[in-house]
Amino acid sequence: MKLKLKNILILIITSGLIISCDAVKRVPENDYLLTKNTVYVNEKKDNSETLNNLLYQKPNNKILKTALRLHIYNLARPNIDSIINANLDRRPKKRSNLESFLSKKQLNKYISSRKHFNNWLKNTGEAPVIVNEDRTKKSIKKLNDYYINNGWFNVESKYSINKKDNQLAEIDYHIETGEPYIIDSITKKKRSTMVDSLYELIKKNSFIKQNEQYKTTNFQLERERISSELRNKGVYHFNQDYVTFELDTVNTNKKVNVEVQIQDRAIRNQDTILREPFKIYYVKDINIFTDGTYENRYETRTDSIKYNNYKLYSIGKMRFRPKALTDAVFITPNTLFKDIDRTRTYRYLSELRTFKYPDIKYTENDDSTLSADIFLTPLKKFNLGFSTEVSQSNIQSIGLSVNPSLSIRNIFRGAETLEISAIGSIGASKDASKNSNRFFDINEIGADLKLTIPRLFSPFNTERIVPKYMSPSTRISLSTTSQTNVGLDKQTFSGTFNYKWSPSKYITNRLDVFNVQYVRNLNIGNYFNIYDTSFRNLENIALNTYNTPQEFIGLDDNGNPILIKSKSDEFIKLVLADNSFKTSSPDTYKEVKSINERKNRLTENNLIFSSSFSLVQDTRQNLYDENFSIFRVKLELAGNILSSASKLLGLNKDSNNRYILFNVAYSQYAKTELDYIKHWDLGKKNVFAIRSYAGIAIPYGNSTSIPFSKSFFAGGANDNRAWTAYSLGPGSSETSNEFNEANFKLAFSAEQRFNLFGNLNGAIFIDAGNIWNVLDEVSDEKAIFSGFNSLKDIAVGSGFGLRYDFSFFIFRFDIGFKTYDPFYQDQNRWFNDYNFGNAVYNIGINYPF
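A few points on the structure. (Residues numbered from 1 in each chain as written. Predicted model: local features only at pLDDT ≥ 70, side-chain atom pairs only at ≥ 80, totals over all residues. Heavy atoms only, no water.)

Pairing between strand 14 (residues 359-364) and strand 15 (residues 369-375): six bridges, direction antiparallel. When the bridges of strand 15 are listed, Lys361 appears paired with Asp373. Between strand 14 and strand 15, which follow one another and run antiparallel, lie four residues, and Ser368 among them has a positive phi close to 60 degrees. (Pairing = 2+ DSSP bridges. Helix = DSSP H or I, 4+ residues; strand = E, 2+ residues; numbered from the N terminus.)

This is how it looks when you write it as structure tokens:
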């Protein structure tokens, strides 16, 4: 044992020396490789990312404390051309012999491949960071500037470079901040002007506050705020350059006295600048040019309309209803100029998806009023799309689909958009080879129609409830699909009518006034072919437990007894009607009953009339923001209107005492979902992300269970990645069903994302969660959530993954290991299957949350 430890230590030390020597392989003589930066603030080490980002030079990136990209770079040869040529010319006639053996063309390709590989090593790797004292001095200046801008005016900084014998060096930065300066008095230079009067009205919201530490950013924010506030109060010519601050720190005992100064308007006339007080401007005229740009504004408009004091012009016949355009314009004739009105108009017109980005120009009139010219360039009325797809899945060996689509803009002259799409697909099932006459035995057809209206489509005036600055819209959609030889051969029909609006920059609301879904299963007899596990369990009971009549038993190709699949339903009825078997084998009887209940639920047709409200709060500033949170909440109610009207409509009941409409028992339930995501940007392309989710759907009234399409499942590439989709839960039940689902779900995830090199990123993650049944017809205690004690059945998975960023999407590969498995019930649940053999390999597009 001692010998083994000795050998391991020798290997570690040798490897360390080799790596250390290789790290400086491309470092010039008398230069030093930067290996570490350490910042001391008031003699305490500070590892914050804020200070680290201020340093001009940072050590080479490391993975598991090894500068992998540096070592890749060091593998490249600095003068590859001369090295290759020297090698070819090292022996006489070597080059000519190779040209005779390979041909000159092949030799040139070989040389080119050597160069390309060498360049790949350089591009993939990272050049050594050489200590540069000039850059170190720049870092000191940047550190000083940072502290001065945050109120430490008397900051002092210095550095020291610690050089070692092996051409490695570390840099220490020492910062003494001193006492911070605090804002004391805030005054405004007194002047009798209109702008000063307006300032008195808005100063209460100032970013500069007494008794707070000085920060330069607050002064910049205050300049922008004053400019924005004044421009929204009619001061058309104002901008933030007119706002200055005079700071007094002389003999103030580290206090800052601030005087706000707002200058008069500067008017430049050739070589002179005149100053005069600002004026308040009103918007007098608004001209909307519906088919042109600012450049062609002088072309002859043959059609013009005056509507609510707006003037609309068109080259040719007007193609838009005036109200549709004026509703999208927030600038109002004969009102005070407000800059925010232009911003909102830009946004609203862009969201119509009917015009290219609009152009809005203000022109100053002689009477100190403004004229607003809005130039709109319509997009093409028709847009035709067509896509094809080749696919493969566990039920088909190959599938082909086509997806034509047509978009029609401004279909009713009110900037509405109609989208029509269709799908047609054919495929060859795994069993297609048994039928020589039909190779493509799977098909699916469908159509989808969506109408988007850029306002709330309602007989009532909703302006006071949802003002137009919230960008309200209405969507009406209808869709249908039909499948053959896919599962139970479903036909689906759905229709929705919903409203959508955004009360603020970060919040979006959606109200589904109604959402109707009808699912009809055409091939119920195919159930046990799809859910083979249920059939195998039933067959095991028929052959080994129950005294099954011979008429239900057949033989397979090898002469072994089997349950005749076509008689499965008859066998279930036989068992459930056998009271003596129920008494003698209650557990087996219960299992058959459970198989039957699951079959009935998954094969019954569904009719869902629901309404829902959802809210999404997303604080992302842009697509590249990695410091944000997303909160989603949704409440859905189904079947209440039908339940109230059932007796009034004289609806009949089925054998289970449920009201039916169109021969289908409608669903009645309440469902709610909560979802929270948070990202923290740790710098250097490191992001820590968490997600928490809770959802529950409770059946009542006309239902004892939740429709399959509305239930919850666990596992999969975007859930608990240590289990495949639908394979986890419910609870700790010993189920072997192909699709496990329930009506209550908890899920939690945490993930650390980091950059490896280039566009390749890595991640380590932990996922936890499960699904349970609650307040429904399921009787298995292991599947039911009975209180806090059931939380012990939360499954935990962990793992790691790779992600490659293609800029327009991210390809993701994750490996999940079962860390805590509730399936083991009373046994040890930790790390039983924590190995690559039992791991789950997930492929996904973009991040899971």
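Under the counting rule described, the total for this entry stands at 39 salt bridges. Residue Asp145 is joined to Lys141 by a salt bridge in which the shortest nitrogen-to-oxygen separation is 3.1 Å. Of this pair, Asp145 and Lys141 both sit in helix 7 (residues 133-149), four residues apart, roughly one helical turn. Lys141 gets classed as exposed once you look at its relative accessible area, which sits at 53%. Between Lys599 and Asp569 there is a salt bridge, and its shortest N-O distance comes to 3.4 Å. Highlighted residues: Lys599 in helix 16 (residues 586-603) and Asp569 in helix 14 (residues 568-576), separated in sequence by 30 residues. A residue is classified by how much of its surface remains accessible, and Lys599, at 7% relative accessible area, is buried. Judged by relative accessible area, which is 36%, Asp569 ranks as partly exposed. Overlapping salt bridges, with partners in common, bring together Arg721, Glu751, Arg753, Asp767, Arg803, Arg812 and Asp814 in one network. (Salt bridge = Lys/Arg side-chain N within 4 Å of Asp/Glu carboxyl O. Buried < 20%, exposed > 50% of the residue type's maximum accessible area, 1.4 Å probe, protein only.)

What follows is about empty space enclosed by the protein. A water-sized probe rolled over the atoms picks out the places where empty space is left. Inspection of the entire model under this criterion finds six cavities of 30 Å³ or more. As a volume, the largest cavity reaches approximately 90 Å³. The wall of the largest cavity is formed by 18 residues, among which Asp719, Asn720, Ala747, Ser749 and Ala768 lie closest to the centre. Sorting the residues of the lining of the largest cavity by element identifies strand 31 (744-757) and strand 32 (760-772) as the ones contributing at least two each. At five residues, the largest contribution of residues to the lining of the largest cavity is made by strand 31. (1 Å grid on protein atoms, 1.4 Å probe; cavity = no way out; pocket = protein on both sides within 12 Å on 5 of 7 lines; lining within 4 Å. Points joined across faces, edges and corners; volume = space filled by probe spheres on them.)

We now examine unusual backbone geometry. The peptide bond linking Gly729 to Pro730 adopts the cis configuration, its omega dihedral lying at -5 degrees. As for its position among the elements, Pro730 is in the loop between strand 30 (686-699) and strand 31. The backbone of Gln167 sits at a positive phi, close to 65 degrees, despite the residue not being glycine. Looking at where Gln167 falls in the secondary structure, it is placed in the loop between strand 3 (156-163) and strand 4 (168-176). Its identity as a non-glycine residue notwithstanding, Asn657 has a phi of 65 degrees, on the positive side. As for its placement among the helices and strands, Asn657 is situated in the loop between helix 17 (640-649) and strand 27 (660-661).

This part takes up the packing of aromatic side chains. Applying the stated rule across the entire model yields 50 aromatic pairs. Between Phe817 and Phe836 the ring centres are 5.1 Å apart and the planes differ by 85 degrees, which places this aromatic pair in the edge-to-face class. Residue Phe817 is located in strand 34 (residues 810-820), and its partner Phe836 is located in the loop between strand 34 and strand 35 (840-845); the two are separated by 19 residues in the primary sequence. On the accessibility criterion, Phe817 (5% relative accessible area) is buried. In textbook terms, an aromatic cluster arises when at least three aromatic residues are bridged by ring pairs, as seen for Tyr527, Phe528, Tyr531, Phe535, Phe708, Phe713, Tyr726 and Phe739. Its guanidinium or amino end placed over the ring of Tyr469, Arg344 lies 4.5 Å from that ring's centre, counting from NZ or CZ. When the ring centre of Phe713 is taken as reference, the NZ or CZ atom of Lys745 above it lies at 5.6 Å. (Phe/Tyr/Trp six-rings, centres within 6.5 Å; stacked < 30°, edge-to-face > 60°. Lys NZ or Arg CZ within 6 Å of the ring centre and 35° of its normal.)

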